[in-house]
Amino acid sequence: MGSMKKLESKIKTSRQRPLISVMAALALLPLAAFLVSLSFGRYGIPLPQLMQILFGKLCGLTPTWPDTLEKVLFNVRIPRILCAMMVGAALAGSGAAYQGVFKNPMVSPDILGASAGAGFGAAFAILNNYNVIGIELTAFLFGIAAVALTYFLGQAIGRNMNTVLILVLTGMVVQSLFSAFTSVIKYEADPNNKLPEITFWLMGGLTSSTQKQVWMMAFPFLAGLVILFLLRWKINILSFGDEEAKALGIDTLKIRVILIMASTLLTSASIAISGMIGWVGLIIPHLARLIVGPNYKVLLPASVLMGAAFLLLVDDVARTVLVTEIPLSILTAIIGAPFFIYLLLKGRSSWE
Amino acid sequence: MKSKRFKFIAWAICAVILTFSIAGCSTTSATQPASQSPSAAASDKREITDMLGNKVKIPAKVNKVFCTSPIGTYIVYTLAPNKLLGWNSKMSEDELKYISPKYKNLQVLGGNMGGQNTFNTEAITALSPDIILDFAYNGQTSDMVTELGKQTGIPVVIMDGALKSTAASYRLLGKILGVEDRGNMLADYVQKSLDRTAAMVAKVPADEKVKIYYAESADGLKTDGNDSMHTEVINFVNATNVVTMDTSSSGKGASVSMEQVLKWNPDVILANSRMGGSNFLKTIYSDKTWAGVKAVQNKRIYVPASLPFGWFDRPPCIARVMGVEWLAAKLYPEYVKVDLKSDVKNFYKTFYGVEITDAQAESLINS
């Protein structure tokens, strides 16, 4: 235990004090984004009326406001805001965890096949006429199944080899396998009926967020996040290498499995309600690392907070700018790709 | 030991290839004699101008047609079904109920739909169609279809898929397929039917124009804009599509937010029962949020029939002629006084050659 303390202090940087204020600022970020987002939307709700409804509801006043406004606010806008925040937080948090577990900054949650598996699950469910909940549940289960398959294949193949590399490779295989299965279903699907439905689903987006979606997401979200949060300091140890960690008496394999499971839970739950949204899991942890440094004790919460605020603001753009929705994945890619190139360029100059 | 195993595998592969090539030969040789003779006899060519203004040389006698999408397949089916080489996708049991027994088992050839190619160029070539029939919307054609024509040397005839061109399509296709009388008869039917509805809906005053939202998909939030080939019927019957936005005509559609739908507050929701729409219809009247929409409060959600072909959309085909009358009657009962039931029976008999019962007609009207 003593050596552990030493390790931790090794990680701690001299900018310990400013870090606290930075974290406080980051904690305020999603809250501010939430309040700002409340006033955005295609259905115009004047700010005074918005305040009136919110306070009225909080204090249990009898409604003096139009019923429709209340419905828009509580059945449409707030559920969507909550979904966007949870998905953003889940993707960024699991992305940060994956990067630590695989000791690879280029890894993102879909590398082990979660998205491909979920996509296939949804296509399969749509082809078999499941209802909305059924589609989301099937997507969720297949996302987890794909990662489990990757994991066990990796275990079976890489007994005495570099397991991380094997895992990433089997992940690629499982990913393309499930994408192929999805293509088979799309090929079989009726082009006037099922095919457009599958295409719609794979396009993703938070358009159909309702209170039901919020509750469906809440449990896996909290469970996954609590596990990551409790184990966050152990990710630091993993990033030092298995040898060192073993010397400290840490069962690296067990920790890895738990972390991967929790991250997959988060990713699959997100994909199930929002479809595939790329880049968040990759760029937000990097951005967080730029701000708070590599210590997972603060990096993980920072990623989660920034992810929530980021996706919420991007979704605000997606749902308000045009009459029709802008697909979220397009926006995150347009913001994410240039930022990532910037990171690569910056990385190169620091290597030189 | 190892080399022995490899040898076995090699032999096995050879055997598989051999079986497949023999099977492949036998299928082609079976279709070849039947298909080659008529087109060889009709070696004279004639030149026609298709609806995009292209001059195309086609055989004097056209006996076999491959249509690249259901839009073409369905119009040829109503005009000269014996010249149809096959369907574009597998028909469902419900759809087959309205198809004459003779054509129920027509082979499935695939097509070019939703930007995706599912036909096999060699398989199409082996069937030696006299022409390839394609439908364009706003003059837009698919490169894949043009490429198919170039690769196979089979003439590609391109028609205009707009609703108002339906009668003209029947006339031209009647000439091309050598069934001018039927072509003209169906064209007259289409023109008369469309003109009659157009005259009736023209009397609807501007302030009584109905605002329509077209809901597709399970959440009801996917739609098509008013410039799309998928919503032409709405414009035709003098109603307003609330989605005035330029959405793509490629068939992908657009999604909108629930807030936007509440803001539009449409008088009528047209719900596509396909593409997950059946799930939408199950929940729409019990959903708290959708309850805020006028169309839901007034129970004005209409579902266009889709059997055997879509009356409104998916695909936007000749059945829209019936859809126009139906939608006009649903939207403006004061102005559009028609006997829907007898018109539906008449339409199915004239175009599809099937007698339908009163009950069937009613279920199509109120599906």
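If you're wondering where the values come from, they're calculated on a predicted model, not measured in any experiment. (Residues numbered from 1 in each chain as written. Chains lettered and ligands numbered in written order. Predicted model: local features only at pLDDT ≥ 70, side-chain atom pairs only at ≥ 80, totals over all residues. Heavy atoms only, no water.)

This part covers the overall build of chain B. Tallying secondary structure elements over chain B gives 14 helices and 13 strands in all. For chain B, long-range pairs separated by at least 24 residues make up 65% of all intrachain contacts whose partners lie at least 6 apart in sequence. With an accessible surface of roughly 16,300 Å², chain B has 56% of that area assigned to carbon and sulfur atoms. (Helix = DSSP H or I, 4+ residues; strand = E, 2+ residues; numbered from the N terminus. Contact = heavy atoms within 4.5 Å. Areas by Shrake-Rupley, 256 points an atom, 1.4 Å probe, with all protein chains shown as cover.)

Taken together, Leu47, Met51, Phe55 and Leu58 of chain A make up a surface patch of nonpolar side chains, about 450 Å² in accessible area. Its place among the elements puts methionine 51 of chain A in helix 3 (residues 47-59). (Patch = residues over 30% accessible without salt bridge, like charges linked within 9 Å, V, L, I, M, F, W, Y side chains within 5 Å. Salt bridge = Lys/Arg side-chain N within 4 Å of Asp/Glu carboxyl O.)

What follows concerns the nonpolar core. Ranked by size, the top nonpolar core spans 126 residues in total, and within it Phe102 of chain A together with Tyr213, Val261, Ile269, Trp290 and Val293 of chain B carry the most contacts. With 19 residues, the top contributor of residues to this core is helix 4 (residues 67-101) of chain A. Non-local contacts of valine 293 of chain B, meaning those with residues more than four positions away in its chain, are made with Met258, Val261, Leu262, Asn265, Pro266 and Ile269 of chain B. (Core = buried A, V, L, I, M, F, W, Y, C linked by side-chain atoms within 4.5 Å. Buried < 20%, exposed > 50% of the residue type's maximum accessible area, 1.4 Å probe, protein only.)

Of the residues lining the interface, 30 residues belong to chain A; the matching set on chain B comes to 33 residues. In this assembly, chain A packs against chain B so that about 3,000 Å² is buried in total across both faces, 60% of it on carbon and sulfur atoms. On inspection of chain A and its partner chain B, the count reaches two salt bridges. Residues arginine 77 of chain A and glutamate 259 of chain B are paired through a salt bridge, measuring 2.8 Å at the closest nitrogen-oxygen approach. For the interface between chain A and chain B, the tally reads ten residue pairs in polar contact (both at pLDDT 80 or more). Secondary-structure elements contributing two or more residues to the side of chain A that touches chain B are helix 4 and helix 8 (194-203) of chain A. (Buried area = accessible area lost by both parts, 1.4 Å probe. Polar contact = N/O pair within 3.5 Å; in protein donor to acceptor, adjacent residues only side chain to side chain.)

Residue and element names in this part refer to chain B. With parallel pairing, the three strands of this open sheet are ordered in space as 3-6-7. For this open sheet the edge positions go to strand 3 (65-67) and strand 7 (156-160), each flanked by a neighbour on one side alone. Between one strand axis and the next, the sheet turns by 30 degrees as a mean value, whatever way the strands run. Relative to strand 6 (residues 131-136), strand 3 runs parallel, the two sharing three bridges. Residue pairing for strand 6: phenylalanine 66 is matched across the bridge by isoleucine 132. Contacts from helix 6 (residues 166-177) reach strand 3, strand 6 and strand 7, with the element oriented near 160 degrees to strand 7. (Pairing = 2+ DSSP bridges. Axes fitted to C-alpha atoms, helices over the stretch in contact; angles between N-to-C directions.)

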